[in-house]
Amino acid sequence: MRIIFTDTYKKMSEEAAKIIAGQLWIKPNSVLGLATGSTPVELYQNLVWLYKTVGLDFSQATSFNLDEYVGLAEDDPQSYHRFMHENLFDHVNIRKDHVFFPNGLAADSVAEGERYEAAITAAGGIDMQLLGIGRNAHIGFNEPANAFTRMTHKVALKESTIAANARFFASQDDVPREAMSMGIGTIFRARHIVLLASGAEKAEAVRDAVMGAITPTVPASILQLHPSVTLIVDQEAGTLL
Ligand code: GLP
């Protein structure tokens, strides 16, 4: 694992933008795996800026998002679908038929997981997967568990994750209790992984993921075994490394 230590969230976001932009320059038809949450917001702003100023080209790119809440329609203001359009897709030249999400309204979650996996495979697999990390070291919505999940699947969110994500909703009661998420296996099959962590509340998760035992109770710890991971931390998230 390569670790890039930066001082601030701003610097972390710039380093991440360089890597994603570099991937697109080298391979314009890259398949990107993208993430939501507050951590990648400034990275996405940087990518939009690069698109507008130097013509970073998304026209041949494809994206698959990590996860989506169960029960939220695509146009729900809190859906990850909306988040990605507002923060990135509506501002760059990515084709709208090249962006994919798990369907949070699917009646059959097993079939939906299979559909999503098949779409990723048909696109040629994920070239570069962007990840944030939860305070309990979850990636995507893969919560601490007894086993690593292999495929896109439906998950029950932990109370701590619901509480952490409540800031995006009117109240904690409004946070969906379930999500569709890429599995740990789906993430692991990406050719390159870029993991971002910002803020003191992520420091323990980062330490456990990077230096602790490889265990499904620390979902991000599996990344120690991946051949191409770049972790970018700001000063606060990296204090325990
Ligand atoms: C959610 C998302 C994750 C994200 C995590 C951390 O649970 N499913 O993909 O990494 O939140 O979010 P934040 O970046 O806001 O701390």
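Once a new chain begins, its residue numbering starts again from 1 and follows that chain's sequence as written. Two thresholds apply to this predicted model, a pLDDT of at least 70 for residue-level local features and 80 or more for giving and counting side-chain atom pairs, whereas whole-chain, interface and lining totals are computed over all residues. Here the side-chain values reflect all heavy atoms present in the structure, with hydrogen atoms and water set aside.

**A closer look at the side chain of His85**
Put simply, the rule reads: Working definition: helices are DSSP H or I runs of at least four residues, strands are E runs of at least two. Numbering for both runs from the N terminus. Under the scheme applied here, a residue whose accessible area is under 20% of the maximum for its type counts as buried, over 50% as exposed, and between as partly exposed, the area being computed with a 1.4 Å probe on protein chains only. We define a polar contact as two N or O atoms separated by no more than 3.5 Å, with the added condition that, inside protein, one atom must be a possible hydrogen donor and the other a possible acceptor, whereas residues neighbouring each other in sequence contribute only through side-chain atom pairs. For this analysis, residues touch if any pair of their heavy atoms sits within 4.5 Å.
Locating His85 in the fold gives a position in helix H3 (residues 80-87). A relative accessible area of 12% places His85 in the buried class. Within the local environment of His85, its side chain forms a polar contact with the backbone oxygen of His81, the two atoms lying 2.9 Å apart. If sequence neighbours within four positions are ignored, His85 has contacts with Asp90, His91, Lys96, Val99 and Phe101.

**Some words on the packing of helix H1 (residues 9-26) against helix H2 (residues 41-54)**
The test is simple: For helices, the fitted line uses only the C-alpha atoms of the stretch in contact; every axis is such a line through C-alpha atoms, and the angle between N-to-C directions lies from 0 to 180 degrees. Note on terminology: angles under 35 degrees are roughly parallel, angles over 145 are roughly antiparallel, angles of 65 to 115 are roughly perpendicular, and the others are oblique. Should the near helix be turned anticlockwise from the far one by less than a right angle, the crossing is termed left-handed; should it be turned clockwise, right-handed. Under the grouping applied here, Gly and all other residues not named as nonpolar or charged are polar, the nonpolar ones being Ala, Val, Leu, Ile, Met, Phe, Trp, Tyr, Cys and Pro and the charged ones Asp, Glu, Lys and Arg.
Orientation of H1 relative to H2, taken along the N-to-C sense of each, is 50 degrees, at an axis distance of 8 Å. Classified by the interaxial angle, the pair formed by H1 and H2 is oblique. When you trace H1 past H2, the crossing you get is right-handed. Judged by residue contacts, Tyr9, Lys10, Ser13, Glu14, Ala16, Ala17, Ile20, Ala21 and Trp25 of H1 engage Val41, Glu42, Leu43, Asn46, Leu47, Leu50 and Val54 from H2. Its residues assigned to classes, the contact of H1 with H2 shows 11 nonpolar, 2 polar and 3 charged.

**With respect to the site of the ligand**
Put simply, the rule reads: Nearness here has a simple test: a residue counts as near a molecule or strand if at least one of its heavy atoms is within 4 Å of that partner. Throughout, the Shrake-Rupley method with a 1.4 Å probe supplies accessible areas, and for residues the shown protein chains are the sole cover considered.
Around the ligand, 13 residues are found, and the nearest of them are Ser38, Thr39, His138, Arg167 and Lys202. In this structure, Gly140 approaches the ligand through a main-chain N or O atom, which is 3.1 Å from a nitrogen atom. Within the side chain of Asn165, a nitrogen or oxygen atom sits 3.4 Å from an oxygen atom of the ligand. Relative to its unbound accessible area of 390 Å², the ligand is 95% covered by the protein chains. A class-by-class count of the residues in the shell around the ligand yields 3 nonpolar, 7 polar and 3 charged.

**Some remarks on the UniProt feature "active site" (unreviewed entry) in the protein**
Which entries qualify depends on this criterion: UniProt positions are given in the numbering used here, feature names are shortened, and annotations may be inferred rather than shown by experiment.
This chain's UniProt record puts "active site" (unreviewed entry) on Asp67, Asn136, His138 and Glu143. Following the sequence through the fold, Asn136 ends up in the loop between strand E6 (128-131) and strand E7 (153-156). Beyond its immediate stretch of four places on either side in the chain, Asn136 contacts Glu143, Pro144, Lys158, Ser160, Thr161, Thr217 and Pro219. As for its position among the elements, Glu143 is in the loop between E6 and E7. For Glu143, a relative accessible area of 9% translates into the label buried. The contact partners of Glu143, leaving out residues within four places of it in the chain, are Asn136, His138, Ala156, Leu157, Lys158, Thr161, Pro216 and Pro219.

**A short note on the sheet that holds strand E4 (residues 67-69)**
Hydrogen bonds between backbone groups are what pair the strands of a sheet, and the pairing can be parallel or antiparallel. This is how the line gets drawn: Whether two strands pair depends on DSSP finding at least two bridges between them.
The sheet built from 3 strands is open, its strands ordered E4-E8-E7 with antiparallel pairing. Since the sheet does not close on itself, it has two edges, and those belong to E4 and E7, each with one partner. Each strand of the sheet is rotated relative to its neighbour by a mean of 30 degrees, with strand direction disregarded. Pairing of E4 with strand E8 (residues 178-181) involves 3 bridges; the strand directions are antiparallel. Among the inter-strand pairings, Asp67 is bridged to a residue of E8, identified as Ser181.

**Topic: the packing of aromatic side chains**
Here a ring pair, both rings aromatic, is described through the centre-centre distance and the interplanar angle of the planes. Under the convention used in this document: Pairing of aromatic side chains requires ring centres within 6.5 Å, counting the rings of Phe and Tyr and the six-membered ring of Trp. Pairs whose planes differ by under 30 degrees are stacked, by over 60 edge-to-face, and all others tilted.
Taken as a whole and judged by the stated rule, the model has 7 aromatic pairs. On the basis of an interplanar angle of 45 degrees and a centroid distance of 5.5 Å, the ring pair of Tyr69 and Phe141 is categorised as tilted. Here Tyr69 is found in strand E4, whereas its partner Phe141 is found in the loop between E6 and E7, with 72 residues between them in sequence. For the pair shown, Tyr69 and Phe141 are each scored as buried. Summarising the aromatic geometry, the rings of Tyr80 and Phe141 are spaced 6.0 Å apart at their centres and angled 15 degrees between planes, so their arrangement reads as stacked.

**Side note on the sheet that holds strand E1 (residues 2-5)**
Spatially, E1-E10-E9-E6-E2-E3-E5 is the arrangement adopted by the 7 strands of the open sheet, whose pairing is parallel. Two strands close off the open sheet at either side, each with one partner strand: E1 and strand E5 (99-100). The pairing of strand E9 (residues 192-197) with strand E10 (residues 229-233) spans 5 bridges and is classified as parallel. By the bridge assignment, Leu196 is partnered in E10 with Ile232.

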